[in-house]
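Here is how the chains run, residue by residue.
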Amino acid sequence: MIKKFFRILSVVPLAGWLLGGFTAVLIEYYLGDLISYYLYLPKVPVLFGTLIMLKEPLLIPSALAYNLIVYILPILLVGRLLAPVMNGLAALLEKRPLWLATIIHLVAFYGILHMWAGINDYRVLVVKLTMIAIILTISLNIINGYQGEFSCSHPGFMALGAYASSTLTLLLFANDKMFGEALLNPALGPWLFPVVLFIGGLVAALGSLIVAIPSFRTRGDYLAIISLAFLFIVKSAIENLEIIGGPRGMSSQPNYATLPVVFIWMSLCIWIIHNFTTSVMGKALNAVRDNEPAANSMTVNTRKTKMTAFMFGAFWAGVAGGLFAHVLRYVNPSTFGLQKLAEILAMVYFGGLNSIYGSIVGAVSISVLGEALRPLQLFKWIIIPLILILVMIFRPHGLISFTELNVKEVMRPRNKERSEGGE
Amino acid sequence: MAPLLSVIDMTHYFGGLCAVNNFNLAIEPGQIKGLIGPNGAGKTTVFNLITGVYTPTEGTIELMGKNIKGLETHRIASMGLGRTFQNLALWRHMNVLDHIRMAHYSQLSYGLFGAFFGTPKCREQEDQVIDNSYKLLQLFDVKQFATQNIGNLPYGAQRRVEMARAMATKPKVLFLDEPTAGMTPDELIRMIEIIRQVHRDFGVAIFLIEHRMKFVMELCESIQTLVFGEVIAEGPPEEIQNNPEVIEAYLGKEDVH
């Protein structure tokens, strides 16, 4: 029965799902209020009704019905019914260059996300933070998954990036209490924001050398402790630097990290990291992880490789930190503590080591779950670790580990069988 | 003309223990030489010293007239010294094709920037590497496993992948550390053929450690016998086979009652 159901759906290409999603979002946009009114819901459910369900159990049927009417049915019906059309489209796109097809899909996906998030500000925030979590998770996967070290300093790198870019934007483009008048015309701000983020990333990458250099001689538990120490060094250094706000943190960053900006950075991050990890240069990380003497004998410069892994991962953590600071428009040192570390590590190990797919799955599921279970307060921190433990028991390397992202395979038309078969 | 690889008076101490004493070796282009000796004689240490895993306490090592003593292992490897390992040193999460691709590392010049953005130069070189890798896989008869994880291969095939990987670094001298350890007699015969083929097709000089006399006798032009870090005999196979000191080292002294 279930198998049959999935077989019916297996002919829907990605473009079909996107069209279905688009329909769902349109329905919600125009009819959301009406539908929720008739289902006795106080307002349009924000996060698939999870918050309402947990707060008022009596409304569970209504919330489920809302999900069914607004999301599930339109996506399934439109996706399945228009599958032949969309397969034709996918076949057409398959003949075009890969980048063109990818960009078209990304733009369509962004459109859906934009409309879905447009309903209210809370959704915008959740989407932005989820995308930042994706950058963080993939970048930590470089060090912990691809390179196979156990680095605990990711929130530290993030803090470096967040503070460096916040300082720059506040100094250059904002009139604020901390640094006074803006040095440059604030109108330039949004255009120079990528440069600012880049510099934030570079600062984090430089900071990562403190962890990267000991990694030449030690690995495993010892490196984990060194990197943990680095995290605390960064945190207490920022706490004691009055010039950047000390423990009070920095606030009123300009609102540069809009939804499209974060989305573009996330796509860029996925693209670059995918390129890197599938090249021989990136495979060197795996070689060093699996057998360092063998890598050395096969002409791999292991030191350079380790340094690259750390600096590259830290760079993206710094970028993510910069985005994070400009999304919340407030940072303080206690944000970048052990809890953040636990969160990122959970995303990486839940999603799967050595896999971009896995990292995306891990980041999205843990951040959405974290938001959805918010009404449970403390119990949230029992449920999420429990899920993590279950995943570790049944899939020790995470949900989707050691899989390469294959964009072409994702976007291909599904109406004819391929000779190579599935996963 | 100087030999391809020359090792002169190489001595190494681990703390107070003399692991290798006054080891000398000269390999001419296209030669196959063997190194035999009982367990713990220091054969693998000799390999590790020449390939740069350890730096010898004394002595000189030259590859094609250039000093390689004290250089990092990957530098020595990219200068033309390939090796395989005694207990297979493969990358357990990688597939077979990636193993061979990986070994082209030092031959790539596109740099990190190229890798990040997938520049045309990067793609061109990567395609070349993949082509070359398939050729090597074909040659070593492991092409059918190309996309499989290395752990799924039978032992003999893993050995061949390791050889193919070593050849992908374009070595001038190939070091084989017990290439037939744990092999069945059938696989052994196949290995002899493969080593002959590598020797013939690539014109590479080979230096190998081996325990099986049959194998060494078949392949090597000259054999050195190492006992407690010292070379006690050197010469063509027949001579070594009948050398009383070698027999003594392997089988013990004949007691006369």
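See the structure above.
Residues numbered from 1 in each chain as written. Chains lettered and ligands numbered in written order. Predicted model: local features only at pLDDT ≥ 70, side-chain atom pairs only at ≥ 80, totals over all residues. Heavy atoms only, no water.

Caption draft 1: Region of the structure containing the sheet that holds strand β7 (residues 173-177) of chain B. All names here are of chain B. Strand order in this open sheet of six strands is β6-β7-β8-β3-β9-β10, and the pairing throughout is mixed. The strands lining the two open edges of the sheet, one partner per strand, are β6 (81-83) and β10 (230-235). Within the sheet, the average angular offset between the axes of one strand and its neighbour, ignoring direction, is 20°. Pairing analysis gives three bridges linking β6 to β7, with the strands arranged parallel. Bridge pairing in β7 links L81 to V173. With respect to the sheet, helix α10 (residues 244-251) is in contact with β3 (32-36), β9 (222-227) and β10, its orientation differing from that of β10 by roughly 130°. (Pairing = 2+ DSSP bridges. Helix = DSSP H or I, 4+ residues; strand = E, 2+ residues; numbered from the N terminus. Axes fitted to C-alpha atoms, helices over the stretch in contact; angles between N-to-C directions. Contact = heavy atoms within 4.5 Å.)

Caption draft 2: Looking closely at the pairing of β3(B). Residue and element names in this part refer to chain B. Within β3, five of the five residues are buried, which leaves the element mostly enclosed by the surrounding structure. Of the two faces of β3, the one carrying I32, G34 and I36 and the one carrying K33 and L35 are both buried. Where β3 lies against strand β8 (residues 205-209), four bridges are found, and the strand directions are parallel. Directly across from I32, in β8, lies its bridge partner I206. (Buried < 20%, exposed > 50% of the residue type's maximum accessible area, 1.4 Å probe, protein only.)

Caption draft 3: Local environment of the pattern of salt bridges. If you walk through the whole model with that rule in mind, you get 18 salt bridges over all chains. Two residues, K283(A) and E404(A), come together in a salt bridge whose shortest N-O distance is 2.6 Å. With a gap of 121 residues between them, K283(A) in helix α12 (residues 280-290) and E404(A) in the loop between α17 (380-394) and α18 (407-411) connect regions that are remote in the sequence. Through salt bridges with shared partners, a single network forms among K283(A), E404(A), D98(B), R101(B) and E126(B). (Salt bridge = Lys/Arg side-chain N within 4 Å of Asp/Glu carboxyl O.)

Caption draft 4: Molecular detail of the side chain of K340(A). With respect to the element layout, K340(A) can be found in helix α15 (residues 338-351). Setting aside anything within four residues of it in sequence, one finds K340(A) in contact with P155(A), M158(A), F324(A) and T335(A).

Caption draft 5: Structural view of the packing of aromatic side chains. For the coordinates displayed, the defined rule picks out 25 aromatic pairs over all chains. Aromatic side chains F324(A) and F336(A) sit 6.1 Å apart centroid to centroid with 65° between the ring planes, which places their arrangement in the edge-to-face category. Taken together, the residues span a long stretch of sequence, with F324(A) in helix α14 (residues 302-328) and F336(A) in the loop between β2 (330-331) and α15 at a distance of twelve residues. Of the two residues, F324(A) and F336(A), both sit in the buried class. Site record: aromatic cluster; members linked through ring pairs are F48(A), Y66(A), Y71(A) and W116(A). The ring of F85(B) is capped by R83(B), whose NZ or CZ atom sits 4.3 Å from the centre of that ring. (Phe/Tyr/Trp six-rings, centres within 6.5 Å; stacked < 30°, edge-to-face > 60°. Lys NZ or Arg CZ within 6 Å of the ring centre and 35° of its normal.)

Caption draft 6: Up close: the environment of E162(B). All names here are of chain B. Looking at the element boundaries, E162 is found in helix α6 (residues 155-168). Setting aside anything within four residues of it in sequence, one finds E162 in contact with T84, F85, L88, A89 and L90. Reaching out from E162, the side chain makes a polar contact with the backbone nitrogen of F85 at a distance of 3.1 Å. (Polar contact = N/O pair within 3.5 Å; in protein donor to acceptor, adjacent residues only side chain to side chain.)

Caption draft 7: Spatial organisation of unusual backbone geometry. Residues and elements named next belong to chain B. Even without being glycine, K170 reaches a positive phi, approximately 55°. As for its position among the elements, K170 is in the loop between α6 and β7. By relative accessible area, which is 53% here, K170 ends up exposed. With a phi angle near 45°, E178 is a residue other than glycine that sits in the positive phi range. Looking at the secondary structure, you find E178 in the loop between β7 and α7 (185-202). On the accessibility criterion, E178 (9% relative accessible area) is buried.

Caption draft 8: Quick look at the environment of L81(A). As for its position among the elements, L81(A) is in helix α4 (residues 60-81). Between the C-alpha atom of L81(A) and that of T403(A), which follows or precedes it by 322 residues, the distance is 31 Å.

Caption draft 9: Structural detail: the interface of chain A and chain B. Of the residues lining the interface, 32 residues belong to chain A; the matching set on chain B comes to 32 residues. Of the roughly 2800 Å² buried between chain A and chain B, counting both surfaces, carbon and sulfur atoms make up 70%. Among the residues of chain A in contact with chain B, V280(A), M298(A) and T299(A) are the three that bury the most area, contributing 27% of the side total. On the surface where chain A and chain B come into contact, there are eleven residue pairs in polar contact (both at pLDDT 80 or more). When residues of the side of chain A that touches chain B are traced back to their parent elements, those giving at least two are α11 (259-278), α12, α13 (292-297) and α14 of chain A. Looking at which element gives the most residues to the side of chain A that touches chain B, the answer is α12(A), with eight residues. (Buried area = accessible area lost by both parts, 1.4 Å probe.)

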